[in-house]
Amino acid sequence: MFSAHSLVLPLGRKVFYLLSKRTSSGSTSKEGATSAPPPIVAMHGLGGASTFWIPAFTASGLLGKRDVYLLDLDGHGQSEWSGRELTIDDLVEDLEQVITALGLEKVVLVGHSMNGIVTSIFSERHPSAVECLVLIHPVRNLAPPACERMRQRADAATTASGLGDIANSVASSAVSRACAASDHAATALVRHLVASTRPAAYAAACLALARAPIIDGTKLRNRVKVHLIGGEEDYLAGPEAVRAWAEEAGGTYTVLKNVGHWGAIEAPLAVGKSVAQVLAPSSYFLLLGSFRSPVIYTLSFDVPSRRLSLLHANAAVSGHSWLDVSGSKRVLYTTGWSEPPAVSAYSIALPTPTTPHPTVELLQSVPSKYLSGYVCSNGKAVYSACGPQVDVFELDDAGLLKMQPAVQSFALVAEEDRHKGATQLDFGGLRHGGHVRPHATSMVDVLTLVKSCDLSPCGTKLYVADIGRNCVWLYHVDPSTGYLTESSKNAARRQHDGPRHVWPHPNGRIVYSLQEHSSHVDVLQLSADDNALEWLEGVSILPNGRDCKLFWADEVRLSPSADFLFASTRGLEPHTKGYVVAWALTPSGRLAVPALDGDDTSLHRFETRTSGGWANAIAVCPELGPRGEVFLTLTDSEEGFVQVLSYMRDEGFEVLDEVPVGSSSEHVGASVAVWL
């Protein structure tokens with residue numbers, strides 16, 4: 001996700017940095033801002049390098065949402081050593097020159113340890129250029145004994161074994177007790193970073209820190225947003241020091257348990273989430289579809305008040321069971337429950353002073369041979385899962401549907417076995433031996449059998465969940481055209497599973513398959529040759545003892561930091577309530593609590609207020625809340641409403657707000673929501 005770069009400063013010295021480019025346009029604010037979110041510029045501390053940050057930013061969920069620059073300090077990592085008698089002011093000037101050379105007008109500054117001083121001084125001098133200052137284990141205003149130890153360390157660094165001895169000491173004493181005792185990979189990385197620093201550069205940085213100017217946190221109060229992250233076991237910048245600095249600056253702070261001075265390596269997920277939550281928007285817009293009503297709703301969610309509001313009803317061409325937002329967030333692609341069936345595209349108009357919320361307007365509808373139940377897109381094409389086949393509809397350079405039939409169609413059943421009537425479409429086979437839901441119409445009964453299609457994070461694979469064939473299809477995607485090549489048909493674990501949705505982990509190797517019939521979620525991994533899926537483990541959405549024949553599972557999703565897995569299931573009858581469930585994940589995407597097939601290893605299980613009807617669909621907010629909570633929407637078609645839930649590991653699920661859609665005279669079955 002990071003690529004290597006370098007730039008040359010005015011005096012000719014080369015500075016190395018890693019860059020992760022933004023791939024999405026970010027969240028839409030109530031003010032209607034359309035510019036890219038300010039990039040993150042991160043500076044490691046003494047004896048570190050740009051690679052120090054990679055675990056934390058990878059775990060943060062921020063990659064792809066903002067440009068992220070990881071800089072190597074003078075003489076650290078792969079940056080050239082200037083050979084100068086280094087001062088803090090030199091480092092501030094370096095940062096100014098780098099930001100100017102990169103053409104960055106406003107940034108989020110993240111500084112570790114001694115570079116908390118550097119980034120703070122930069123923010124004092126250029127407050128309008130800093131959206132937010134995040135200080136991780138920041139060191140300032142060292143007492144005379146500490147300054148003397150820095151001078152002694154500088155002397156030791158240039159001896160034959162000095163830097164190696166310093167690296168061993170730091171790796172054992174500057175991390176938490178738990179990390180030093182058992183996390184050998186973390187301590188090895190800390191040791192490597194320090195030991196691989198140029199001794200002269202390390203010594204010069206020690207002396208710069210010993211001579212550092214006094215930092216007065218009040219100089220940033222009401223000028224720059226400040227957030228500090230400390231470690232409970234940090235001997236250099238302990239909890240009290242972090243709290244005091246935050247209070248001076250009028251900022252916020254977090255103290256992480258079982259963390260020392262190298263938190264981005266010791267606890268990358270905790271540090272990454274803490275950075276992400278302080279950068280999260282204070283409000284969001286959402287779009288909401290319905291199954292049968294020709295309307296798309298605009299809603300807003302205000303984070304501080306935890307209020308969900310219905311703002312506008314946009315005219316639509318038909319009911320839309322599924323919505324997909326383009327990467328630019330300017331086009332909405334939808335399924336079309338109409339006769340004849342169609343796939344549609346709507347423009348998304350961002351807020352203006354006269355219309356303070358997004359609106360959507362139909363651009364075009366392209367006929368589909370079969371009724372689509374799910375669409376996704378990648379800028380080249382819209383992929384449609386429509387029962388007996390998978391269709392590929394081309395997009396033009398503006399992201400608009402070309403007014404032509406599907407350019408590719410992959411048949412999943414023989415032609416003679418397909419049903420072509422609008423209310424008799426084959427969406428993958430009959431449920432639980434073919435019985436019909438007593439409270440469903442014929443149209444919707446068939447639509448409960450629809451499959452889904454979703455792209456891998458890198459965009460080179462498409463996963464299609466196929467209920468009727470009880471499998472997941474894997475296709476390779478040509479990135480230049482969007483065209484598909486069929487790779488493999490991967491049978492489900494159990495004969496009665498009925499895969500409904502597949503969702504990928506950000507690492508691209510793990511995918512999660514939700515089984516509509518059995519109400520299981522299975523963890524699959526790509527084979528070594530990228531051509532097949534292999535089963536690893538599976539868990540049940542239902543409590544022990546509940547009959548899966550009373551339910552039909554709906555959605556599977558991940559938290560923004562990919563540390564939690566969420567899934568939902570619906571009650572098959574109105575008197576049977578559904579569930580939303582959370583499991584903990586490891587950084588690799590596996591279940592944190594290993595499960596035998598079907599074990600209940602969930603952290604929390606939330607019983608929904610109704611069966612969910614045809615929906616009980618969850619959609620996860622792309623950013624964390626201010627306390628690190630996950631926000632999810634839950635849509636209901638039985639009564640017709642949408643809820644916003646919050647989830648935290650220590651607290652479980654909580655309903656924050658609920659908004660009905662439709663009216664007493666018109667029932668609107670909410671289908672799915674998307675966050676803008």
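Everything below is about the structure printed above this text.
The model shown is predicted, which means the values in this text are computed figures rather than measured ones.

A. Region of the structure containing the overall build of the chain. Helix and strand content of the chain: twelve helices and 36 strands. In terms of overall dimensions, the chain is globule-like: its C-alpha atoms have a radius of gyration of 27 Å, near the 26 Å expected for 676 residues. With the C-alpha coordinates of the chain rotated into their principal frame, the extents come out at 85 × 55 × 45 Å. Here the chain, with 676 residues, has 60% of them falling under the buried criterion. Put simply, of all contacts in the chain between residues at least 6 apart along the chain, 61% involve residues at least 24 apart.

B. Looking closely at the packing of aromatic side chains. Scanning the entire structure with this criterion turns up 18 aromatic pairs. With centroids separated by 6.2 Å and ring planes inclined at 90 degrees, the aromatic side chains of Phe301 and Trp675 adopt a geometry described as edge-to-face. Placement of the pair is Phe301 in strand S10 (residues 295–302) and Trp675 in strand S36 (residues 670–675), with a sequence separation of 374 residues. When its relative accessible area of 0% is taken as the criterion, Phe301 is described as buried. Among the residues examined, Trp675 registers a relative accessible area of 8% and is labelled buried. Centre to centre, the rings of Tyr647 and Phe653 are 4.7 Å apart; their planes meet at 45 degrees, and the pair counts as tilted. Of the residues examined, Tyr647 reaches a relative accessible area of 0% and is grouped as buried. Here the aromatic residues Phe564, Phe566, Phe606, Tyr647 and Phe653 are joined through ring pairs into a cluster of three or more. A cation over a ring is seen here: Arg570 above Trp552, with NZ or CZ 3.5 Å from the ring centre.

C. Molecular detail of helix H5 (residues 162–173). Over its twelve residues, H5 runs 16 Å from end to end, which matches the ideal 16 Å to within 8%, given 1.5 Å per residue. What H5 keeps buried is the set Gly162, Leu163, Ile166, Ala167, Val170 and Ala171. Projection of H5 onto a plane perpendicular to its axis shows the buried side chains occupying an angular sector of 160 degrees, all on one side. Looking at the packing, one finds that the buried side of H5 touches helix H4 (144–157), helix H7 (184–195) and helix H8 (199–210).

D. Summary view of the environment of Val139. Of note, Val139 is situated in the loop between strand S6 (130–136) and H4. Take Val139: its relative accessible area is 3%, and that puts it in the buried class. Sequence-wise, Val139 and Met114 are 25 residues apart; in three dimensions their C-alpha atoms are separated by 5.3 Å. When sequence neighbours within four positions are dropped, the list of residues in contact with Val139 reads Ser113, Met114, Ile117, Leu209, Leu236, Trp245 and His261.

E. Highlighting the sheet that holds strand S15 (residues 359–367). Across the sheet, which stays open at both edges, the four strands sit in the order S12-S13-S14-S15 with antiparallel pairing between neighbours. Because the sheet does not close on itself, it has two edges, and the strands there are strand S12 (323–325) and S15. On average, each strand axis in the sheet is inclined to that of its neighbour by 25 degrees, with strand direction left out of account. Examined bridge by bridge, strand S13 (residues 331–336) and strand S14 (residues 342–349) share six bridges and lie antiparallel to one another. Counted as the bridge partner of Val331 is Ser347 from S14.

F. Region of the structure containing the pairing of strand S3 (residues 40–43). Of the two faces of S3, both are covered, the one formed by Ile40 and Ala42 as well as the one formed by Val41 and Met43. The pairing of S3 with strand S5 (residues 107–112) spans four bridges and is parallel. From the neighbouring strand, Val41 faces S5, where its bridge partner is Leu109. One ladder, built from four bridges, connects S3 with strand S4 (residues 68–71); its direction is parallel. From the neighbouring strand, Met43 faces S4, where its bridge partner is Leu71. On the question of chirality, the crossover connecting S3 to the parallel S4 by way of helix H1 (residues 54–60) is right-handed.

G. Region of interest: the nonpolar core. Among the nonpolar cores identified, the biggest contains 107 residues, and Phe57, Trp262 and Phe566 are the most heavily contacted of them. In terms of residue count, H8 provides more of this core than any other element does, eight residues in total. In terms of nonpolar packing, the next biggest core, distinct from the first, is built from 43 residues, Cys453, Val464, Ala617 and Leu676 among them.

H. Broad picture of the pattern of salt bridges. Throughout the structure, instances matching the rule amount to 32 salt bridges. Here Glu240 and Arg243 are joined by a salt bridge, their closest N and O atoms 2.7 Å apart. A residue pair is termed a helical-turn pair when its members lie 3 or 4 positions apart in one helix, as Glu240 and Arg243 do in helix H9 (residues 239–249) at three residues. Here the salt bridges do not stand alone but share partners, grouping Arg13, Asp74, Arg84 and Asp94 into one network.

I. Just the pairing of strand S19 (residues 408–411), in detail. Burial of S19 is one-sided: the residues Gln408 and Phe410 facing one way are buried, the residues Ser409 and Ala411 facing the other way are not. One ladder, built from four bridges, connects strand S18 (residues 389–394) with S19; its direction is antiparallel. Counted as the bridge partner of Asp391 is Ser409 from S19.

J. Structural detail: the sheet that holds S10. Overall, antiparallel pairing links the four strands, which are arranged S11-S10-S9-S36 in an open sheet. Two strands lie at the open edges of the sheet, namely strand S11 (307–315) and S36, each paired on one side alone. Ignoring strand direction, the axes of neighbouring strands in this sheet form an average angle of 25 degrees. In this structure, S10 lies alongside S11, joined through eight bridges in antiparallel fashion. In the strand pairing of S11, Phe301 is matched with Leu308.

Reading the values: rules and limits
- Residues numbered from 1 in each chain as written.
- Predicted model: local features only at pLDDT ≥ 70, side-chain atom pairs only at ≥ 80, totals over all residues.
- Heavy atoms only, no water.
- Helix = DSSP H or I, 4+ residues; strand = E, 2+ residues; numbered from the N terminus.
- Rg over C-alpha atoms; globule rule 2.2 N^0.38 Å.
- Buried < 20%, exposed > 50% of the residue type's maximum accessible area, 1.4 Å probe, protein only.
- Contact = heavy atoms within 4.5 Å.
- Phe/Tyr/Trp six-rings, centres within 6.5 Å; stacked < 30°, edge-to-face > 60°.
- Lys NZ or Arg CZ within 6 Å of the ring centre and 35° of its normal.
- Expected span 1.5 Å × (residues − 1).
- Arc of directions from axis to C-beta.
- Pairing = 2+ DSSP bridges.
- Axes fitted to C-alpha atoms, helices over the stretch in contact; angles between N-to-C directions.
- Right-handed = clockwise from strand over helix to strand, strands pointing away.
- Core = buried A, V, L, I, M, F, W, Y, C linked by side-chain atoms within 4.5 Å.
- Salt bridge = Lys/Arg side-chain N within 4 Å of Asp/Glu carboxyl O.

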